[in-house]
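Topology and contacts: notes
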Amino acid sequence: MSGDASAQMEEVRRRSQSLLSSSGLAQDVKAEVQTMAGVLLPLSEKYRLLGAETMLRENTACSNTLEVLESLSRLVKALSILEKYGCNLTSPTRPRYWRSVKHNNPVFRSTVDAVKGGRAVLFLYGYTSQQPDGLSFPDDVSQPDAAHVAAVTLEVMTLRTEVDMLVKGTHPHPESFRDVVPFLVPPEELEVVGVPSGDQQPGDEPCVPSPPSPPPQTPPPPQASGGEPLRPSTVGDCSLCGAAPSLVCSSCDSRAFCDACDDLFHRHPSRDQHKRDQLQQQPPPGICTICGTSAVQAQCSTCSQKLCDNCDQLFHSHPDRRGHSRSLLAAPKTSSPSLSPWQCARCTTVNPTRAVLCATCERPRLAAAQEAPPPVPSSPNAEWRCRSCTVVNQGSSILCEVCERPRLATRPPAAPLPTSPGAPGESGEKWMCQFCTYVNTSPAVVCEMCNLGGSPPASLQQTPAAAKDQAASPPRPQPKARVDVEVKRQKMMRDDGLRLVQQIREAEKRGVSAEEVYAAIGVCGGSNTSPCDWLTSDLPHLLDEICAMAASVQVERDGEGAEPSAPVVKGDGAKLSRAEAKLAWLSAGGDTNKAVTQLLRDRQVKMKELRSLGFREASRCEEALRLSGGEVKGALSLLQRPLLEPFHQRIWTDQPEPPIDPQDPDKQRTCRRLLALYELPSWGRCELVLSLLQEPGVTFSLEDVVQAVKESHDKDFIKRLLVNECPCCLSAFPRSKMQSLTSCQCSVCHECFRLHFTIAVRDKHIRDMVCPVCSEPDINDPQQLDSYFSTLDIQLRNCLQPDEYELFHKKLTEHALMKDPKFLWCCHCTSGFINDGDQLKVTCPSCRRSFCAQCKKPWEAQHQDLSCEQFQQWKRDNDPEYQRQGLAGFLRDNSITCPSCRFQYALTKGGCMHFSCSQCRYQFCSGCNNPYHKTVCKAPQCSCPGLHAHHPRDCLFYLRDWEPPRLQALLQRSSVDFNTDPSDGSQSEACCVMEQKDEKTESPCGLHTQPGQAGLCEKHYKEYLVSLINAHSLDPAPLYEASEVIRACERYLVDTQRVGDEDEDVFLARLLKKLMEVPLGEKVPRNK
């Protein structure tokens, strides 16, 4: 048997794989997939490529049945999306972006990524290359393997069909999944479980007495969505009282209850929200599962139904069930229960064999017994019998004449018997019936008048032993009174309406219309699937199915306005689109058959309209409607385009458009051409263009005038727009041909703009790329500079050549690298690089020479185990060349270092204090490293509009004006040693400090030296003394004169107002104290 199933599976697999790999349509292999899903084979043999068993185990690792069903429903959605991916790869017309799958797709995240094993299926399809935002085919793969993808897609479709049948409870062989999916145990293996008695906690359940020996119970099977059982099973008696059950609670471990026990048990607040499902009576064996009257003639292995001949034809006439596999059954030899009369479960009336409804109560044959509602009098004037005392009253009376109870009041329950026994000898005492108030004299349990139980004398009450026995067997709980049918129906309608309104509001937030929600509810209303989720995952498949069904049928009309006849098979298929199918599906309210009919009817109307317009070729009309989504206007545009092509070729291609002549006497023709060609906003603007072009001596082009007229309607303003002088080439251009930077208001012509920045990129520094007119922006402001370059990059992208634009980006990169704290300039050459190491010795990658990363001095072996200060002192003590140079070498070691890029210059600080770095174009003071500003800076109360810098009081900028004895006095005041004699003891007449001259060569200073200045000129000796002052952070303020104190206080914004009548010395002492509170320069070099 297994060999036959394997052969059948292989044959169907081969045929369906061939169909799918050639067409790529899931509808072509739907019947084959249904057949493969029904074949009884092990999962490992049925699914060769897909790890179905592992996928099911991983996705159903749950703790109860409800979680398993939800996991299986999510798996069905994910497999349907994976099926769509596979069909797209095997389709001859693959989508445009078939090579990649994006993870940020919301449908992908909520379906494929929500289950385990989804990406493994994509890997089998060929998406094996991992990308930052998803998966894709490898670059060397130009086409997907259609045969392999079709084989994987077929297994995905088969697994989706099997899991869907498991969820719906229609799988023909659920035992194949016994060891894979938990909580799917066949009915014959269910354990018999008794009612729990000892593990109930106080307060969890009401105190309901149980019978002495309740029969064993069988838990009901798990319920699928919509209340349909997942597989056939039997349910035992009520788990509390042992009566016939009427419903089952899935939240209470699938326990069964009768109506009375359910009302009592689920009245507790912790259980009042449990979901219970009604139990339907199962038909006897051999009886049709639909009508319940006729004998079984056929059995469907696909939907697990046993049907009679009529029900089989009706049930399997639906298009979705036509392909079900059914087998005929022989008539049973034993007498069928349906051949004998049947007894109504409610009113116990014996009905004929073929009767479907009861002749008395008109209830169905298989309906469960329910408590009959109280009879209502047929007429208000008819006599009525009181349900309490049984007295017959007149029809006009409302209250009973004897017991005065209302007419519609039910019989009251019997009062509980008293617990205390009376004296046995008091048998002659009277007692009153609690129902009819009749006073009984005989010692009886029931009333003589109404024959109902009352309150007997104490002698007739039970003994304590009898009362104990009575307490041991309490009566069954009575069910609550039934709610009025009309009230219940109205409440149900109100709840359904509120639920529908809530679903529509949630759908509107996601952009789904109310019509789509209503139609989706009609399809998926019986499941736990949200309408919006169903519209996203399953609606495209349904629309494809509607298109496929409509392509094979046609609607015939008997006459105008007549209902369409039954569809008949048609040979040629219509080309239909999803948009048309969706409109038809919405108009049909979600009914698939009506949607097919409506779709064909709408298509016939559109085809008739196109034929009336002169388009007779049906295939072209159908293709145009498909491409336009069913819109007649769009289809008409597509159909007319080829017809207008010769006209367009003749007008625009063969004959070039003649230029517009402003002097043409036909003014209206010229204005119409201006409107057609240049899209001017009005007829008046066209006349304005002509008037400007017809003025004498005009040199403007037509395009420039049209562009200016589009911007304004003022003639004088337009003339100003047309005449703008370029400050670089002094030529006149219209405003549209001028260009400006974002940092200023200057405008230059396009050619000057391009030439200026081309030369600046090729021959100058990156900081020289400023406005050619005003040299803005300020390059010393880093924040402004970065913002400026970000906008300049956009402007240069379209005006520079590719080579210049690439060089501009290269210089921008170098400029950004110089901001890195690990960036170093080589002291031997002009190269810079990033130093990632932490060693003092670094080697330049350009010149391969080494230097110290901290002091930037050429590397020597003696620097290996010494700090930079110790090495400098060693050179002073041991290096003869260094000792020979004396203070000239000291000044060279304390040379200028750029504070922006840290490039070191072997120059002294004498001369002009305004220094511009040749590497980064940073302008600063060489004495204090503060920046120079070209315009008003951000310093408080700064009003200097020109080039300036803010120097601290210990900067060389101010101290170079002091005489050497005054500087020496400041050093002596702090006990700082300084040199006055040359290092070699010989006084030279010329200063030997090396300087860089204008011809870019180094040569000695050569100025005359004075005795007592250590063999240096006065300028360099002052620089030497100031470097010592800065190295020891000495404040020059104590040596200020009175005028210098006041001037310094004004410079550093110190209040110089006198306090009262203080004398000059006190005033100057107070100012000096406040001045010395102002800190010294933070950036002043203080190398020792």
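Within any chain, residue numbers begin from 1 and follow the written order of that chain's sequence. In view of the model being predicted, local features appear only for residues whose pLDDT reaches at least 70, and side-chain atom pairs are presented and counted only at 80 or more, with totals across whole chains, interfaces and linings using the full set of residues. Side-chain measures here rest on the full set of heavy atoms in the structure, leaving out hydrogens and waters.

1. Let's talk about the overall build of the protein chain
We apply this condition: Counting from the N terminus, the helices are the DSSP runs of H or I reaching at least four residues and the strands are the DSSP runs of E reaching at least two. Any two residues whose heavy atoms approach within 4.5 Å at even a single point are treated as in contact.
Within the protein chain, the regular secondary structure consists of 34 helices and 31 strands. Considering only residue pairs separated by 6 or more positions, the protein chain has 51% of its internal contacts joining residues 24 or more positions apart.

2. Things to note about the sheet that holds strand S5 (residues 255-257)
Rules: A strand pair is defined by DSSP finding two or more bridges across the two strands. Axis angles are defined between N-to-C directions and span 0 to 180 degrees, where every axis is a line fitted to C-alpha atoms and, for a helix, only to the segment in contact.
Sheet architecture is open: three strands sit in the order S5-S4-S6, paired in antiparallel fashion. Bordering the open sheet on either side are S5 and strand S6 (276-278), each of which pairs with just one other strand. With strand direction ignored, the average angle separating the axes of adjacent strands in the sheet is 30 degrees. Where strand S4 (residues 247-249) and S5 come together, three bridges link them in antiparallel fashion. Residue pairing for S5: Val 248 is matched across the bridge by Ala 256.

3. Focus on the pattern of salt bridges
Condition: Salt bridges are counted wherever a side-chain nitrogen of Lys or Arg sits within 4 Å of a carboxyl oxygen of Asp or Glu. In this scheme, a residue with accessible area under 20% of its type's maximum is buried, one over 50% is exposed, and one in between is partly exposed, where area comes from a 1.4 Å probe on protein chains only.
The final tally for this structure, using the stated rule, is 37 salt bridges. With a closest N to O distance of 2.5 Å, Glu 751 and Arg 754 form a salt bridge. Of this pair, Glu 751 and Arg 754 both sit in helix H24 (residues 750-763), separated by three residues, roughly a single helical turn. Overall, Glu 751 belongs to the partly exposed group, its relative accessible area being 42%. Given a relative accessible area of 26%, Arg 754 falls into the partly exposed group. Note that Glu 1044 is salt-bridged to Arg 966, the shortest N-O span being 2.7 Å. Residue Glu 1044 is found in helix H33 (residues 1042-1051), and its partner Arg 966 is found in helix H31 (residues 964-973); the two are separated by 78 residues along the sequence. By relative accessible area, which is 22% here, Arg 966 ends up partly exposed. Members of the salt-bridge network, linked through shared partners, are Glu 10, Arg 13, Arg 48 and Glu 155.

4. Details of the packing of aromatic side chains
Rules: Between 30 and 60 degrees the pair is tilted, below 30 it is stacked and above 60 it is edge-to-face, where a pair is any two Phe, Tyr or Trp rings, Trp via its six-membered ring, whose centres lie within 6.5 Å. Criterion for a charge above a ring: Lys NZ or Arg CZ within 6 Å of the ring centre, and within 35 degrees of the ring normal.
As enumerated under the stated definition, the model contains 14 aromatic pairs in all. Summarising the aromatic geometry, the rings of Phe 257 and Phe 265 are spaced 5.1 Å apart at their centres and angled 25 degrees between planes, so their arrangement reads as stacked. Phe 265 matches Phe 257 in its accessibility class, with the two residues each being buried. Among the aromatic side chains, those forming a connected cluster through ring pairs are Trp 98, Tyr 127 and Phe 137. It is Arg 321 that lies over the ring of Phe 315; its NZ or CZ is 4.2 Å from the centre.

5. A few points about the environment of Cys 749
As for its placement among the helices and strands, Cys 749 is situated in strand S21 (residues 747-749). Once the C-alpha coordinates of Cys 749 and Glu 725 are considered, the two residues, 24 residues apart in sequence, prove to be 8.5 Å apart.

6. Topic: the packing of H24 against helix H26 (residues 802-817)
What counts here: Geometric relationships in this document are graded by angle, where less than 35 degrees denotes roughly parallel, more than 145 denotes roughly antiparallel, 65 to 115 denotes roughly perpendicular, and other angles denote oblique. The hand of a helix crossing depends on one turn: near helix anticlockwise from the far one by less than a right angle means left-handed, and clockwise means right-handed. Each residue receives one of three labels: charged for Asp, Glu, Lys and Arg, nonpolar for Ala, Val, Leu, Ile, Met, Phe, Trp, Tyr, Cys and Pro, and polar for the others, Gly being one of them.
Viewed as axis vectors pointing N to C, H24 and H26 meet at an angle of 55 degrees, and their least axial separation amounts to 9 Å. Between H24 and H26, the crossing angle belongs to the class labelled oblique. Between H24 and H26 the crossing geometry is left-handed. Residues Thr 758, Ala 760, Val 761 and Arg 762 of H24 pack against Glu 804, Leu 807, Phe 808 and Lys 811 of H26. Of the residues in the contact of H24 with H26, the class split is four nonpolar, one polar and three charged.

7. Comments concerning the sheet that holds strand S7 (residues 298-300)
Strand order in the open sheet formed by three strands is S8-S7-S9, with antiparallel pairing between adjacent strands. For this open sheet the edge positions go to strand S8 (305-307) and strand S9 (326-328), each flanked by a neighbour on one side alone. Averaged over all pairs of adjacent strands, the angle between their axes in this sheet comes to 20 degrees, without regard to strand direction. Both S7 and S9 contribute to a ladder of three bridges, which runs antiparallel. Across the sheet, Gln 299 pairs through a bridge with Ser 327, a residue of S9.

8. Observations concerning the state of the cysteines
Definition in use: The disulfide criterion is simple: two cysteine sulfur atoms within 2.5 Å.
Across all of its chains, the model carries zero disulfides by this definition. Not part of a disulfide, Cys 847 finds its nearest cysteine sulfur in Cys 826, a span of 3.6 Å.

9. Brief notes about the confidence of the model for the protein chain
Going by this rule: Predictor confidence is given residue by residue as pLDDT, running from a minimum of 0 to a maximum of 100.
Residue-level pLDDT values for the protein chain average 76, and 79% of them are 70 or greater. Note that residues 369-379 has pLDDT below 50 and, in this model, 13 contacts with residues that lie over four places away or in other chains.

10. Quick word on helix H32 (residues 1018-1031)
Counted only if it meets this: Helix span, expected: 1.5 Å multiplied by one less than the number of residues in the helix.
The end-to-end C-alpha distance of H32, which contains 14 residues, comes to 20 Å, matching closely the 20 Å that a straight helix rising 1.5 Å per residue would cover. In terms of residue burial, H32 counts as a mostly covered element, since 12 of its 14 residues are buried. Listing the buried residues of H32 in full gives His 1020, Tyr 1021, Lys 1022, Glu 1023, Tyr 1024, Leu 1025, Val 1026, Ser 1027, Leu 1028, Ile 1029, Asn 1030 and Ala 1031. Ser 1033 occupies a position one or two residues after H32 and carries a positive phi of about 50 degrees.

11. Examining unusual backbone geometry
Note the cis peptide between Glu 776 and Pro 777, where omega equals 5 degrees. Phi at Ser 775 takes a positive value of approximately 60 degrees, unusual for a residue other than glycine. Within the secondary structure layout, Ser 775 lies in the loop between H24 and helix H25 (782-799). A positive phi angle, near 60 degrees, is found at Ser 975, a position not held by glycine. Of note, Ser 975 is situated in the loop between H31 and strand S30 (994-996). Its relative accessible area of 64% is what places Ser 975 among the exposed residues.

12. Details of helix H7 (residues 118-125)
We count it as follows: Arc, as used here, means the arc of the directions from the helix axis to the C-beta atoms.
Buried within H7 are the following residues: Gly 118, Val 121, Leu 122 and Tyr 125. Taken around the axis of H7, the buried residues stretch over an arc of 100 degrees, which confines them to a single face. Looking at the packing, one finds that the buried side of H7 touches helix H4 (52-59), helix H5 (65-90), strand S1 (100-102), helix H6 (106-110), strand S3 (134-136) and helix H8 (146-168). After H7 finishes, the residue Gly 126 shows a positive phi value of roughly 130 degrees.

13. Let's talk about the packing of helix H21 (residues 683-693) against helix H22 (residues 702-711)
For the pair H21 and H22, interaxial distance at closest approach is 10 Å and the crossing angle is 135 degrees. Considering their axes alone, H21 and H22 lie oblique with respect to each other. Where H21 crosses over H22, the handedness of that crossing is right-handed. Of the residues in H22, those in contact with Arg 685, Leu 688, Val 689, Leu 692 and Leu 693 of H21 are Leu 702, Val 705, Val 706, Val 709 and Lys 710. Taken together, the residues of the contact of H21 with H22 break down into eight nonpolar, no polar and two charged.

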